[in-house]
Amino acid sequence: YPYFADIGAVQAAAVLRAANFHVDLVDALAMPGASLTPDDASQVRLGTSANDVVARISEKTDAVVLAYTPFHRPPTRDPLLAEILTALHKVRPDRPIVLADLYQSGQHVVDAPSVEILAAYPEVSALVRYEAESALVPLVTRLVHEGVPAKPFVVDGADPKHLDDLPLPAWDLVDISAYFAFHQAVVDHLGRPSWAFPITNSSAPVLTSRGCPYRCVHCSSNPTARTNGDLDKPKTQRRYSAAYLDRLFAMLRDRGVRRVHLLDELVNVN
């Protein structure tokens, strides 16, 4: 769901912060004025403008990690993302930029060839594919110390085996009131008469597991179980513990969340 596309960035920010990086999270879906705006006859923009996003990124930032979602239509060059990358590269051509799909679960991945993605975004220093938590800290550490590499490269993330070891998503870095206002703006401006999954009244996305053991032909879950698109490894599901989820739900409640949307591939597998 595009209005929950920030969940990967919020988790990535928590992982980098836990590794003692100073982290600023710029969330285009949670800034004053974030809304749903027609860009042309066939597309709408969710969130704020590219200029608003770039203005929030300090020139002193050592490295920038950008969330790359299916809604950017990989591997084609998305105009809004390109506008952000062009502006960042112009201001600081010596600053590494990481494009990361920050995949966590569900069908929230488009497994386009990495070489085509890098060709579409020449401003990028590194591309991180799939679950990024184990790859982000060593990658950002390297880029901060070494700077822009001579040639862009690809890092395939590995599935975190113990999900409870991950820090809670960094929702404290998100302007939650602006996030709720954005959801209301989506409902008001999209023009649907009703919503099967209402996102008003203080909603937030949640994952209670990652992966799915089943092999439905339409599903793109468990991308690391595939090689060149062919499923050649076992599909598994990993779950957060009840204790972790208790901490997560308590934190969300304290942040003002009153409804959660479970984004698992199959929350009721058992």
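No experiment lies behind these values; they were computed from the predicted model shown. (Residues numbered from 1 in each chain as written. Predicted model: local features only at pLDDT ≥ 70, side-chain atom pairs only at ≥ 80, totals over all residues. Heavy atoms only, no water.)

### So, the pairing of strand 3 (residues 64-67)
- Because side chains alternate across strand 3, one face comprises the buried residues V64 and L66, and the other comprises V65 and A67, none of which is buried.
- Two elements, strand 3 and strand 4 (residues 97-100), share 4 bridges in a ladder whose sense is parallel. Its bridge partner being in strand 4, V65 is matched across the sheet by V98.
- Handedness of the β-α-β unit built from strand 3, helix 3 (residues 79-91) and strand 4 comes out right-handed. (Buried < 20%, exposed > 50% of the residue type's maximum accessible area, 1.4 Å probe, protein only. Helix = DSSP H or I, 4+ residues; strand = E, 2+ residues; numbered from the N terminus. Pairing = 2+ DSSP bridges. Right-handed = clockwise from strand over helix to strand, strands pointing away.)

### Observations regarding the packing of aromatic side chains
- All told, the structure shown has 7 aromatic pairs when counted by the stated rule.
- With centroids separated by 6.0 Å and ring planes inclined at 25 degrees, the aromatic side chains of Y1 and Y3 adopt a geometry described as stacked.
- Given the relative accessible area of 9%, Y3 is considered buried.
- With centroids separated by 5.2 Å and ring planes inclined at 75 degrees, the aromatic side chains of Y3 and F4 adopt a geometry described as edge-to-face.
- One aromatic cluster in this structure is built from Y1, Y3, F4, W195 and F197.
- The ring of F153 carries R142 above its face, with NZ or CZ at 4.3 Å from the centroid.
- When the ring centre of W195 is taken as reference, the NZ or CZ atom of R192 above it lies at 5.0 Å. (Phe/Tyr/Trp six-rings, centres within 6.5 Å; stacked < 30°, edge-to-face > 60°. Lys NZ or Arg CZ within 6 Å of the ring centre and 35° of its normal.)

### Concerning the sheet that holds strand 6 (residues 153-156)
- Spatial strand order, 3-4-5-6: 4 strands in an open sheet with parallel pairing. With partners counted over all chains shown, the strands left at the sheet margins are strand 3 and strand 6, one partner each. Looking at each pair of strands side by side, their axes are set apart by 25 degrees on average, direction ignored.
- Taken together, the 4 bridges between strand 5 (residues 126-129) and strand 6 define a ladder with parallel strand orientation. Its bridge partner lying in strand 6, R129 is registered against D156.
- Relative to strand 3, helix 3 is tilted by about 175 degrees, and along the sheet it contacts strand 3 and strand 4.
- Sheet strands touched by helix 5 (residues 133-146): strand 3, strand 4, strand 5 and strand 6. Its angle to strand 6, the strand with the most contacts, is close to 155 degrees. (Axes fitted to C-alpha atoms, helices over the stretch in contact; angles between N-to-C directions. Contact = heavy atoms within 4.5 Å.)

So, to be careful, I would describe these as geometric facts and stop short of saying anything about function.
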